[in-house]
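Analysis of the macromolecular model
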Amino acid sequence: MVGRSYAIFNTAIGRCGIVWSNSGVVAVHLPEAREIDTRRRIFQVHPEAREQQAPLNTELAIEGVVGLLQGSDPDFSDVSLDCSGVPTFDRRVYEYTCSIPRGETRTYHEIARTLRVSGAAHSVAQAIARNPYMIIVPCHRVLEAGSYADRISPYGGVISKRRLLALEGAHPIASKTLFEVLLPVAPPRSPT
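Owing to the predicted nature of the structure, the values given are computational and were not obtained by experimental measurement.

Some thoughts on the pairing of strand 3 (residues 24-29)
Within strand 3, six of the six residues are buried, leaving the element largely enclosed by the surrounding structure. Where strand 2 (residues 14-21) lies against strand 3, five bridges are found, and the strand directions are antiparallel. Paired with Gly 17 across the bridge in strand 3 is His 29. Here strand 2 folds back onto strand 3 in antiparallel fashion, the turn holding two residues.

A short note on helix 3 (residues 88-98)
Along helix 3, the residues classified as buried are Asp 90, Val 93, Tyr 94, Tyr 96 and Thr 97. Each buried residue of helix 3 lies within a common arc of 165° when the element is viewed along its axis, so the set occupies one face. For helix 3, the exposed residues set more than 90 degrees away from the buried face come down to Thr 88 and Glu 95. Those residues of helix 3 that are buried are in contact with strand 5 (106-107), helix 4 (108-114), helix 5 (121-129) and strand 6 (142-143).

The rules we used
Residues numbered from 1 in each chain as written. Predicted model: local features only at pLDDT ≥ 70, side-chain atom pairs only at ≥ 80, totals over all residues. Heavy atoms only, no water. Buried < 20%, exposed > 50% of the residue type's maximum accessible area, 1.4 Å probe, protein only. Helix = DSSP H or I, 4+ residues; strand = E, 2+ residues; numbered from the N terminus. Pairing = 2+ DSSP bridges. Arc of directions from axis to C-beta. Contact = heavy atoms within 4.5 Å.

Pasting the structure below:
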């Protein structure tokens, strides 16, 4: 296989895309409203990619993404990522992000402090926004302090952080951040 390849696959939230190279997974694209839009986004970011049958490493990644979006807790430790072109700082942020337990969140500031780069919360936010490995690197577990924003990386399609966290069963008491804002429950409407 030369260059990059991609595949489109079914999940509980729609048709996702995955791009890979000989070195590993290059990107995971969550679904847009229509499959054609997901394909268009893949071609915008990876114009050289061609649709192919996924190799074993990519199949492991696909199974994990499908599983997480069905509510399971997959292990992505055997999935190789192609990090060529990913800045060193971003890699450090992604490694830490992978250690955040399912159902918990961290803030940009907490990650910057843990990585011992105080004052770099904005740099952490930028790294999270550039995360090409959606779900495999669970950037949806990283939130802003003080308010909850539903923004997700450009690979996120129409799916929000809020929805991904709900699929993971995130609970207010398990979070170190803002779930009192994230998960308010409106009382059920009475029939009129």
